[in-house]
Amino acid sequence: MREHEEAWCKVYSAANALEAHSLTGLLHTHRIEAQTRGESLSAAAGELPANVVEVSVWVRVSQHTQARAVLQDYEQAAEREWQCPQCGEDNAGSFEICWQCGAEHPSL
Ligand SMILES: [Zn+2]
C-alpha cells in the first residue's frame with residue numbers, strides 16, 4: 001500500500017519537449033510539484049515524427065488551479081510584444097533578447 005499518493009492531472013499540452021521542460025521548471029519556481037510526460041513515447045515509437053508525440057505537463061490535483069494561474073501568466077507574457085530600447089525593433093513576448101540586435105528585454 002502506497003502512503004499518501006496523491007493523484008496527478010494534466011495541466012498543459014506543450015508544443016515540444018523543450019517547452020514542457022521550461023514550464024516544469026517555471027512551476028517548480030512557484031513551489032508547484034510538476035513533471036513532464038510523453039517524451040519516452042518518442043523513443044519507443046521510433047519511426048513517428050517527433051511532433052506526433054504529445055508532451056504534457058502534469059501537476060498534483062490539489063495544485064492544479066495554482067498551476068493553471070502560473071501557466072496563464074506565461075501564455076499572456078508570450079503574447080505581449082515588446083520594443084527594443086536599443087534599436088526600436090518589435091519583438092514577440094517569448095523572446096528574451098532582441099532578435100535584431102541582441103539587446104536584453106528591458107524588464108530583465
Ligand atoms: Zn534591438
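Keep in mind that this is a model prediction, so the values were computed, not measured.

### Some words on the UniProt feature "domain: RanBP2-type" (unreviewed entry) in the protein chain
Thought 1: UniProt records the feature "domain: RanBP2-type" (unreviewed entry) at residues 78-107, using the numbering of this structure.
Thought 2: Segment residues 78-107 splits into 7% helix and 13% strand. End C-alpha atoms: 14 Å apart.

### Considering the coordination of the zinc ion
Thought 1: At 2.3 to 2.4 Å from the zinc ion lie its protein donor atoms, namely Cys84 (SG), Cys87 (SG), Cys98 (SG) and Cys101 (SG).
Thought 2: Here the donor residues of the zinc ion are spaced in sequence according to C-x2-C-x10-C-x2-C. Within this pair, whereas Cys84 is found in the loop between β4 (82-83) and β5 (90-91), its partner Cys98 is found in the segment after β5, the two being separated by 14 residues in sequence. Neither residue differs from the other here; Cys84 and Cys98 are each classed as buried.

### A short note on the sheet that holds strand β3 (residues 55-60)
Thought 1: Pairing is antiparallel in the open sheet, where 3 strands are placed in the order β1-β3-β2. Across the chains shown, the open sheet's two edge strands, defined by having one partner strand only, are β1 (8-14) and β2 (34-37). Each strand axis lies, on average, 30 degrees off the axis of its neighbour in the sheet, ignoring direction.
Thought 2: In this sheet, β3 lies alongside β2 in antiparallel orientation, the contact comprising 4 bridges. Opposite Gln35, over in β3, you have Trp58 as the bridge partner.
Thought 3: Seen against the sheet, helix α3 (residues 64-79) touches β1 and β3 and runs at an angle of roughly 10 degrees to β1.

### Some remarks on unusual backbone geometry
Thought 1: Positioned with a positive phi, Arg31 is a non-glycine residue whose angle comes to about 60 degrees.
Thought 2: If you trace the backbone, Arg31 turns up in the loop between α1 (17-29) and β2.
Thought 3: Under the relative-accessibility criterion, Arg31 is labelled exposed at 76%.

### Focus: the pattern of salt bridges
Thought 1: With the rule as written, the count across this model stands at 2 salt bridges.
Thought 2: In this structure, Glu33 engages Arg60 in a salt bridge whose closest nitrogen and oxygen atoms are separated by 3.3 Å. Of this pair, Glu33 sits in the loop between α1 and β2 while Arg60 is found in strand β3, placing the two residues 27 residues apart along the sequence.
Thought 3: Given the relative accessible area of 41%, Glu33 is considered partly exposed.

Reading the values: the criteria
Residues numbered from 1 in each chain as written. Predicted model: local features only at pLDDT ≥ 70, side-chain atom pairs only at ≥ 80, totals over all residues. Heavy atoms only, no water. UniProt positions renumbered as here; feature names shortened; annotations may be inferred. Helix = DSSP H or I, 4+ residues; strand = E, 2+ residues; numbered from the N terminus. Donors = N, O, S within 2.8 Å, 3.2 Å for Na, K, Ca; no water. Buried < 20%, exposed > 50% of the residue type's maximum accessible area, 1.4 Å probe, protein only. Pairing = 2+ DSSP bridges. Axes fitted to C-alpha atoms, helices over the stretch in contact; angles between N-to-C directions. Contact = heavy atoms within 4.5 Å. Salt bridge = Lys/Arg side-chain N within 4 Å of Asp/Glu carboxyl O.

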